[in-house]
Every structure is written in structure tokens, then in C-alpha cells.
Amino acid sequence: MRLSHTMLCIGTRTVIYASKSPIDTTTTIMAYQPPRQEHLRLTTHDPCLDHVAQNYFGVHAPHLPHNQNPHQLTSAQSLYGRGEKINAKAIKDKKLRGNLKRLELRYREAAAQAKDAEILRPEGGPGFIVAEGELERTWKVGQKDVRDAVDVATAMKGFELKLGFGGYTAEYSRDGRDLVLGGRKGHVATMDWREGKIGCELQLGETVRDVKWLHNDHFFAVAQKKYVYIYDQQGVEIHCLKKHIEVTNMEFLPYHFLLATIGNAGYLKYQDTSTGALITELRTKHGAPTAMTQNRRNAIIHVGHGNGTVTLWSPNMSTPLVTMLTNKGPVRAVAVDRGGYYMATAGADSRMNIFDIRTYKEVHSYFTPTPASTLTISDTGVLAVGWGSHVTLWKDALKTKQNSPYMTHHQEGTSISSLKFCPFDDILGASHSDGFASLIIPGAGEPNFDALEVNPYATKKARQEAEVRGLLEKLRPEMIQLDPDFVGTVDLAHGQRRKERDEEEKERKLQEGLEKDEKYKTRGRNSALRRFMRKKGGKNVRDERREKLERLKIERKERSMGVKTVSMGPALDRFRKK
């Protein structure tokens, strides 16, 4: 009798279904959940099931372990661990020691689960296009060739919308399910682009410069001719932000619930969308901006200016944290990768430069046939450049210098205005003067997502719970720093700095006392020393303050004469010749 078995993976639970025949109603089911070390048998022992377990897990069914052997656990800790282990034995507090032990246990279990989940990942990583021969080039593959080669469901994701309301800008939601489009002439629309369902459509009748999703797909912000407006998913106007005037670029910080805007006046403003308060208003002093983006690692705003510089801003400082000269002409586009380590800038000098943000130095640069108008970087590191009516995509272009692009696309008779990669999908949204085009870029999307962070398959209730959780875990604007790892660290130099501050304060008070005594110093009987001696009422009375003043007066006189004296201590200095 032949065994037929199936393995089904749902989340972190692996279920094996084994049956002797389709007709036999006796089915052996075994569920294995690594975190809790649970194994459940619903029927009697079956040697066939033991064979299946050996094939999949390498062990016998009745003794399924939590994870692999110690060597594999060490490998999982090195790949997915959270740093060095905390030495709980050195902590005297019993309660704290127990909490740290439980925390270390959770970290070890999380690393083991991540190691177990590697079996679900693609073996070769993202599915990039690979040329078979030396004469073949991947950049010669067009969108028609890609749609013919992929499956039907993926081919349907490549489409084009012909819209006649000026240059468009587009933005995908964080989970990649929804898309918002904004036309220069006032056309705004939201849609579930995978299913082709329109959420809402507005004809505002005035200029639209930028659109941006907020913390979920229920609200989006539109930078109109004068003010910034917030709409809900039905297209109903919710708020009018009158303090944000003539905004040209917007960015939303999801972990801080902050909407950052900058306009023609050059003022960078942070608006808290959860409380409605204006956090800060910073003057850049560089005029109207030419580009803006955010670093998703530390929530720092990168603003490009017309003088060829890019400034890095935080709501905690009124001056830029860093000012970098990136181009010899006006900066036209700025993009930062997901890791927050590399920044790409494009200028009017037809150069695209790659910078390492950790060292603020240029890594390498590329030339574009015409000045690039937009840049974006996917989660897997694919760099998309829009120049004229062309879109050029570069693979691994951030760390190493590439000689030829990965893919190219020509949108005939249009001008590319905005490029955005769809999260968790191999899709690039290209907005142009005639509408919007969805391009299939193999290997551009991140296939592995954290369902507790952003879940593209979340239900309605899960999205509601995620919104409440995000509000409860909202970070304060004061935590936006260049180095986000400073949170939770111990300041070891705090005692030394405090000691230095105390010494400086003591020296300052002493100096103020000397200046106060010398303020009314004149020639004759009204000197500072004589006034002090008269106030004390006797020439033979000696005190500590008087001796210190006389000693400092003598030292100052000797320094002015160039005489160097060596102190022998307070006990012997009084016998020294005056």
C-alpha cells in the first residue's frame, strides 16, 4: 500500500497529513509547533508516519525536539540573535535576574524560530532575471517579454492607466495593498490596485503637488495649491492644515505619527497626526526645496536644495544635523535605502552619486543622459532612475560600481515624474505626464515580511488592532537621532561629564567673585584689598578667603611678569619669599 503525505505550513505551525489510501478513513495527524514543544497524536502509532517524520525532521515522531542540535542553535543565534548574552549571575536583584533570564530565553527561541523558517524561503533569494549566455543582456528584456514569461496572476499586475490631468505622483500604502494617485491638475484617486477596485475619486479643481498615505489606508494627505488637506477613504475632507502653506513635498513617519512637510518658503514642519499638534517649525534658510525623502532607519529627513547640498534634519534641532555637498548643480532627487546606510542623489549636472551615510563620503557615481527627475530604492536594493521618458533600473548599484543596468523601460511620449516600489511585490509604479504605469521588476520585492510589523494579508480586525498598538507604542519626537541605537544604552561617561561640569561651575563662581572685587578697583586707599580689610575691622585678622585673594593676586602678577612658580603646598607656601 503506497503512502501519500502532505506537509502544510501555516505561520509557525507545521502540520503533516498522512493516510494509507484515499478510501481509508483512519488518518494520522501530527501537529508540531516549535516554540511550545507541543506534539499531538490523534490516533495510534503508525510506522508510516514515523517514516514521514524522519524524512522531514530527521527524528522519530514520538520525540520531536524543539529545534536543532546545539551547533544549529549556535548558528541561529549568530544569524538572528540580538547581541551578546546578558550575564544574569552578576545581578544581585533576584526579580531583575529572573526577568533577564526569561528575556534571554525568548530571544533564543525567536532566533530558533527564525532559523526554522529558512526552509520556507526561496533557495536562491529574490528571483532576478539571469542571462544564460555571455552575449545576452538583461536590460534588453522588455515588459512584454516579462508578462509572457510569468504566470497569469503576476502578468495582470502589469498595467497602464491613461489619465489626462497632468503630471501624476503616486504612493503605495505600507502593506502594498492600496495606491493613491494625485494629478497636477487636481485629480486624486485611491484604489486597491491588485483587484482593480476604486476607493474614492476626487476632482479638486486646483493644483495638487504631492499625496501621501498616513498610518493606514483609511487616511491620506494631499498637498494642494495653498494648504494641506487630509481625506478619509471615502474622499471626505477631515482636516485642513492651514499652517502648512504651499507645500511641495511630504513624508510620513509611521512610528512617530508625524507628517513632515516643506514648501516654497523653505520651512520644514512636523505635524502630529494623532494629537493634531504642530511639533516644530524649522527654517532651512535655503529657499524652496528641490527634493525630500526620509531615512526609514532613524526617521531623519533628507532635503535637497538648489545649491547642490542635502541637509539632514531632526525635529529636536533648529539647525541641520549634517550638510552634504552632493552635486555641482541643483539636487533634483534624493533616495535612501531601507537599511539607512546608502543615499543616492541626482542633480542637474546629469550625475547620480551614491553616498555612504555612515561616513558621509561618496562611494561612486553614474552619469545619466539627461538630468534625472526621480529616484527610488527597493527593499532588495534595486535602484530605479527616472530621466525624461525612460526608467533605468540598477541591481547592486549601491555597494559596487555597475557597468550596465539591470532593466530599462521607455514610456513613449511622456515625462517620468515619480517612481515608487510596491512593498512585498515585484512591482514598480511609474507616474508620468499621461497617467500611471505598473511595471513588473523581477526580484525587486522583499518576499519575507514580518506579520507583526506590516502584514499585507491582515484582516479587518487585525488592522484595527495594529492601529491601536501603533498608537500605544508611538515614539516621541525627542527620540529621532542620527544614531537610533542610543535608546536603551547605558551612558558610561555620565559621571565624568558631571564631574567636569561641577569643576567648571566652581571655577566660574570663583572668577565672578574676583571680577566683582576688582570692579571698583582704583588707585590709593580705595583698593579692593583695603576695602575688604576695613570691612573686616582689623589688619591682623586672617581668613581663608582673604588668603586666597592675596595668593591669586600674587600669581596673576607673576604670570604677567613671566615668572613661573612651583607650588610647595598650602603649608609651605606661606614661608616663601613674597
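From a predicted model like this one, the values you see are computed outputs, not experimental measurements.

Procedures and definitions
Residues numbered from 1 in each chain as written. Predicted model: local features only at pLDDT ≥ 70, side-chain atom pairs only at ≥ 80, totals over all residues. Heavy atoms only, no water. Helix = DSSP H or I, 4+ residues; strand = E, 2+ residues; numbered from the N terminus. Buried < 20%, exposed > 50% of the residue type's maximum accessible area, 1.4 Å probe, protein only. Contact = heavy atoms within 4.5 Å. Core = buried A, V, L, I, M, F, W, Y, C linked by side-chain atoms within 4.5 Å. Phe/Tyr/Trp six-rings, centres within 6.5 Å; stacked < 30°, edge-to-face > 60°. Lys NZ or Arg CZ within 6 Å of the ring centre and 35° of its normal. Patch = residues over 30% accessible without salt bridge, like charges linked within 9 Å, V, L, I, M, F, W, Y side chains within 5 Å. Areas by Shrake-Rupley, 256 points an atom, 1.4 Å probe, with all protein chains shown as cover. Salt bridge = Lys/Arg side-chain N within 4 Å of Asp/Glu carboxyl O. 1 Å grid on protein atoms, 1.4 Å probe; cavity = no way out; pocket = protein on both sides within 12 Å on 5 of 7 lines; lining within 4 Å. Points joined across faces, edges and corners; volume = space filled by probe spheres on them. Nonpolar A, V, L, I, M, F, W, Y, C, P; charged D, E, K, R; others polar. Pairing = 2+ DSSP bridges. Polar contact = N/O pair within 3.5 Å; in protein donor to acceptor, adjacent residues only side chain to side chain. Axes fitted to C-alpha atoms, helices over the stretch in contact; angles between N-to-C directions. pLDDT = per-residue confidence, 0-100. Lys, Arg positive; Asp, Glu negative; His and termini not counted. Charge placed at Lys NZ, Arg CZ, Asp CG, Glu CD.

> For this particular structure, what's the right way to read the overall build of the chain?
Across its full length, the chain carries 9 helices and 32 strands. For the chain, the residues scored as buried account for 39% of the 578 residues in total. Long-range contacts, defined here as pairs at least 24 residues apart, represent 44% of the contacts in the chain between residues at least 6 apart.

> Is there a simple way to think about the nonpolar core in this case?
Proteins that are soluble and globular tend to have nonpolar side chains buried together. Core analysis: the biggest nonpolar cluster contains 28 residues, and L179, L393, L428 and I441 have the highest contact counts within it. No other element matches the 4 residues that strand β32 (residues 435-440) contributes to this core. Those residues in contact with I441 that sit more than four places away from it in its chain are Q143, L393, Y406, M407, D426 and L428. Within the second largest apolar cluster, 25 residues are counted, among which are M292, I300, L312 and V331.

> Got a minute to help me understand the packing of aromatic side chains in this structure?
Aromatic rings in a pair are described by how distant their centres are and how their planes are angled relative to each other. Under the criterion given, the structure shown has 10 aromatic pairs. Ring centres 6.3 Å apart and planes at 50° place the aromatic pair F159 and F436 in the tilted group. Of this pair, F159 sits in strand β5 (residues 159-162) while F436 sits in strand β32, and the two are 277 residues apart along the sequence. On the basis of relative accessibility, which here comes to 21%, the residue F159 falls in the partly exposed class. When the ring centre of F128 is taken as reference, the NZ or CZ atom of K395 above it lies at 4.3 Å. Its guanidinium or amino end placed over the ring of Y366, K401 lies 5.4 Å from that ring's centre, counting from NZ or CZ.

> Teacher, can you tell me more about a nonpolar patch on the surface here?
On the surface, a nonpolar cluster with roughly 350 Å² of combined accessible area is contributed by M568, L572 and F575. Residue classification places F575 among the exposed residues on the basis of a relative accessible area of 63%.

> Please explain empty space enclosed by the protein as it appears in this structure.
Gaps left between atoms show up when a probe the size of a water molecule is rolled over them. Summed over all chains, the structure comprises 1 cavity of 30 Å³ or more. Looking at the largest cavity, the residues that line it are Q77, R82, G83, E84, E104 and Y107. Its residues assigned to classes, the lining of the largest cavity shows 1 nonpolar, 2 polar and 3 charged.

> Please explain unusual backbone geometry as it appears in this structure.
The bulk of non-glycine residues show a negative phi, and the bulk of peptide bonds are trans. Phi angles above zero are rare outside glycine, and E246 is one such case at about 50°. By the element assignment, E246 lies in the loop between β13 (237-241) and β14 (247-253). A residue is classified by how much of its surface remains accessible, and E246, at 36% relative accessible area, is partly exposed. Despite not being glycine, K285 shows a phi value in the positive range, around 65°. Mapped onto the secondary structure, K285 falls in the loop between β17 (278-283) and β18 (291-295). Classification of K285 as exposed rests on a relative accessible area of 67%.

> Sorry if this is basic, but what is going on with the pairing of β18 here?
Across the 5 residues that make up β18, a large majority, 5, are buried. In β18, alternate side chains face the same way, and those of A291, T293 and N295 on one face and M292 and Q294 on the other are all buried. Bridging between β18 and strand β19 (residues 300-304) involves 5 bridges; their strand directions are antiparallel. Note that in β19 the partner of M292 across the bridge is V303. Taken together, β18 and the strand that follows it, β19, pair antiparallel across an intervening segment of 4 residues, in which A299 is found at a positive phi of about 60°.

> Sorry, what's going on with the side chain of S378 here?
For S378, the location among the structural elements is in the loop between β26 (374-377) and β27 (383-387). Note on S378: relative accessible area 2%, which makes it buried. Of note is the side chain of S378, whose polar atom sits 3.3 Å from the backbone oxygen of A444. Setting aside its immediate chain neighbours within four residues, S378 contacts F421 and A444.

> Is there a simple way to think about the sheet that holds β26 in this case?
Two pairing modes exist for strands in a sheet, parallel and antiparallel, and in both the strands are linked by backbone hydrogen bonds. Spatially, β26-β27-β28-β29 is the arrangement adopted by the 4 strands of the open sheet, whose pairing is antiparallel. Of all strands in the sheet, those with a lone pairing partner are β26 and β29 (407-410), marking the two edges. Each strand of the sheet is rotated relative to its neighbour by a mean of 15°, with strand direction disregarded.

> Looking at this structure, I do not really get the confidence of the model for the chain. What am I missing?
Low pLDDT marks regions whose predicted coordinates should not be analysed in detail. Looking at the chain as a whole, its pLDDT mean stands at 83, while 80% of the residues score no less than 70. Contacts for the low-pLDDT stretch residues 1-67, under 50 throughout, to residues beyond four places or in other chains number 105 contacts.

> Explanation requested: a negative patch on the surface in the structure shown.
A cluster of like negative charges, contributed by E500, D502, E503 and E504, occupies part of the molecular surface. Mapped onto the secondary structure, E500 falls in helix α7 (residues 494-517). In this structure E500 comes out as partly exposed when scored by relative accessible area, which is 39%.

> Is there a simple way to explain the environment of A131 in this structure?
The topology assignment puts A131 in the loop between α3 (94-116) and α4 (143-149). Judged by its relative accessible area of 32%, A131 falls in the partly exposed class.

> It is not clear to me how the sheet that holds β5 should be interpreted in this structure. Could you clarify?
Across the sheet, which stays open at both edges, the 4 strands sit in the order β5-β32-β31-β30 with antiparallel pairing between neighbours. The open sheet is flanked by β5 and β30 (416-421), the only strands paired with a single partner. When the angles between neighbouring strand axes are averaged without regard to direction, this sheet yields 15°. Pairing of strand β31 (residues 427-432) with β32 involves 6 bridges; the strand directions are antiparallel. Its bridge partner lying in β32, S431 is registered against F436.

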